[in-house]
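Summary of structural features
The residues making up each chain are set out below.
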Amino acid sequence: MQLKLTRQSLKTPASLLAGVFLCLLTSAPVLAECGHPETAPIRVAKVQDGDTLKLSDGRSVRVLGMNAPEIAIGQKRGQPMGQESLAKARQFIASAGGEVRLGFDTERRDHYGRWLAHVYDKSGRSLAAEQIRAGMAFQISVPPNRAQESCLSSIESRARKNPSGVWRNPYWGGFQSASLLVGDTGFRLVRGKVTRVDVNSAVWIEFDGELVAQIKKSDWQAFGRKDWQVLVGKTVEVRGWITARKNKGGQSGKRQFKSLVMGVRTPSSLKVID
């Protein structure tokens, strides 16, 4: 929109000119942290946990760029800081007047049928950024949705320098790989010494204890690394979802496999400590 100043407009009362400029400002796109909203405001029906919302139109939204501690649901046990993360998310939605705007990445749905989106209030504040900044969630990217990986990872790095929330909780603050038990599945942040690396159809990074991190071949390019063997003997921090696997080893002449596997998808999920 172009504003043309004529002699007549120069004689226009200052209050009218101010109104014109206010109109220009309010019609501009919302400047948001780590991205931008793409939808009109929509009402939130329920905050289900620290990273999941239920909208008034029935859609469930899994917030991109972060993972919050789980809350107890039925027989499923919650994780430390789950209720605190939920409360923080509720506070964000309340301060937003119960309405949010959504921004999207490459994929818009997950395999559960939930919508995948970045969530903002009317001023452009990001729910993921606020949760990560407060220590109520971890930065995590799941390819191909990586647009905000660098921005949110930077926010988390600053948050860890003044630790609060998950960073002050022994369950979350760099759990040692040697202490993991077979039942320690789900999302975890783990630190340990790399004892072995195998490269075949995937990169398998073995830690002391029962954990092995798997990097699929389809994700290798993102890491820009070729010599994976340099990780052996290093202390490495990884984050992701751990699953248990049936051990096919243990027979005579065969090597025993680790019983816990963590999928590592992006460079921000693997950090060499020393």
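What you are looking at is a predicted structure, and each value in this text was computed from that prediction instead of being measured.

**Focus: the overall build of the protein chain**
Looking only at helices and strands, the protein chain features six helices and 14 strands. Within the protein chain, buried positions represent 44% of all 274 residues. Considering only contacts in the protein chain between residues 6 or more positions apart, those separated by 24 or more positions represent 63%. Here the protein chain displays about 14900 Å² of accessible surface, and carbon together with sulfur accounts for 53% of that area.

**Concerning the state of the cysteines**
Per the stated rule, a full pass over the model turns up one disulfide. Each disulfide pairs two cysteine sulfurs, and for cysteine 34 the partner residue is cysteine 151, the sulfurs being separated by 1.8 Å. Handedness here is read from the sign of the S-S torsion; for cysteine 34 and cysteine 151, about -70 degrees, the answer is left-handed. Taken together, the positions of cysteine 34 in the loop between α2 (14-26) and β1 (42-49) and cysteine 151 in helix α5 (residues 149-161) put the pair 117 residues apart, joining distant regions of the chain. Look at cysteine 151 and you get partly exposed, because its relative accessible area is 29%.

**Quick look at the pattern of salt bridges**
Inspection of every chain in the model, using the stated rule, returns 17 salt bridges. Arginine 146 serves as the salt-bridge partner of glutamate 149, at 2.5 Å between the closest nitrogen and oxygen. Residue glutamate 149 is classed as buried on the basis of its relative accessible area, which comes to 8%. By relative accessible area, which is 31% here, arginine 146 ends up partly exposed. Of the charged contacts, one joins aspartate 198 and arginine 196 as a salt bridge, the two residues approaching to 3.1 Å between their closest N and O atoms. Given the relative accessible area of 36%, arginine 196 is considered partly exposed.

**A closer look at the environment of arginine 158**
Position of arginine 158 relative to the elements: it lies in helix α5. On the basis of relative accessibility, which here comes to 47%, the residue arginine 158 falls in the partly exposed class. Arginine 158 sits 26 residues away from isoleucine 132 along the chain, and the two C-alpha atoms are 9.8 Å apart.

**Here we look at unusual backbone geometry**
Peptide bonds are trans in most cases, and residues, glycine excluded, mostly fall at negative phi. With an omega dihedral of 10 degrees, the bond running from proline 143 to proline 144 counts as a cis peptide bond. Secondary-structure assignment places proline 144 in the loop between β7 (138-139) and α5. Not every positive phi belongs to a glycine, and cysteine 34 is a case in point at roughly 65 degrees. Of note, methionine 81 is a non-glycine position whose phi angle comes to about 75 degrees, a positive value. As for its position among the elements, methionine 81 is in the loop between β4 (66-67) and α3 (82-95). Assessed through its relative accessible area of 14%, methionine 81 is described here as buried.

**Focus: the side chain of serine 141**
Here serine 141 is to be found in the loop between β7 and α5. The exposure class of serine 141 is buried, given its relative accessible area of 6%. Separated by 3.2 Å, the side chains of serine 141 and glutamine 139 make a polar contact. Dropping the residues within four chain positions of it, serine 141 is found in contact with Arg146, Glu149, Arg265 and Thr266.

**Some thoughts on the pairing of strand β11 (residues 211-216)**
The element β11 is extensively covered by neighbouring structure, given that five of its six residues are classed as buried. Direction of pairing for strand β10 (residues 202-207) relative to β11: antiparallel, over a ladder of five bridges. Paired with tryptophan 204 across the bridge in β11 is glutamine 214. Hairpin connection of β10 to β11: three residues between the antiparallel strands, including glycine 209 at a positive phi of 100 degrees. Inspection of the sheet shows β11 paired to strand β13 (residues 260-263) by four bridges, in the parallel sense. Looking at β13, one finds that leucine 211 is bridged to leucine 260.

**Brief notes about the confidence of the model for the protein chain**
Of all residues in the protein chain, 85% have pLDDT values of 70 or greater, and the mean over the chain is 88. With pLDDT under 50 throughout, residues 1-28 is counted as low confidence; its partners more than four residues away or in other chains account for six contacts.

**Digging into the nonpolar core**
Val100, Val119 and Leu127 are the most contacted members of the largest nonpolar core, which totals 28 residues. Going through the elements one at a time, β1, β2 (52-55), β3 (60-63), α3, β5 (99-103), β6 (115-120), α4 (127-133) and α5 are the ones with two or more residues in this core. The contact partners of valine 119, leaving out residues within four places of it in the chain, are Leu53, Val61, Val63, Val100, Arg101, Leu102, Arg125, Ser126 and Leu127. Counting 22 residues, the second largest nonpolar core, distinct from the first, contains Phe175, Leu180, Val197 and Phe207.

Cut-offs used in this document
Residues numbered from 1 in each chain as written. Predicted model: local features only at pLDDT ≥ 70, side-chain atom pairs only at ≥ 80, totals over all residues. Heavy atoms only, no water. Helix = DSSP H or I, 4+ residues; strand = E, 2+ residues; numbered from the N terminus. Buried < 20%, exposed > 50% of the residue type's maximum accessible area, 1.4 Å probe, protein only. Contact = heavy atoms within 4.5 Å. Areas by Shrake-Rupley, 256 points an atom, 1.4 Å probe, with all protein chains shown as cover. Disulfide = S-S within 2.5 Å. Salt bridge = Lys/Arg side-chain N within 4 Å of Asp/Glu carboxyl O. Polar contact = N/O pair within 3.5 Å; in protein donor to acceptor, adjacent residues only side chain to side chain. Pairing = 2+ DSSP bridges. pLDDT = per-residue confidence, 0-100. Core = buried A, V, L, I, M, F, W, Y, C linked by side-chain atoms within 4.5 Å.

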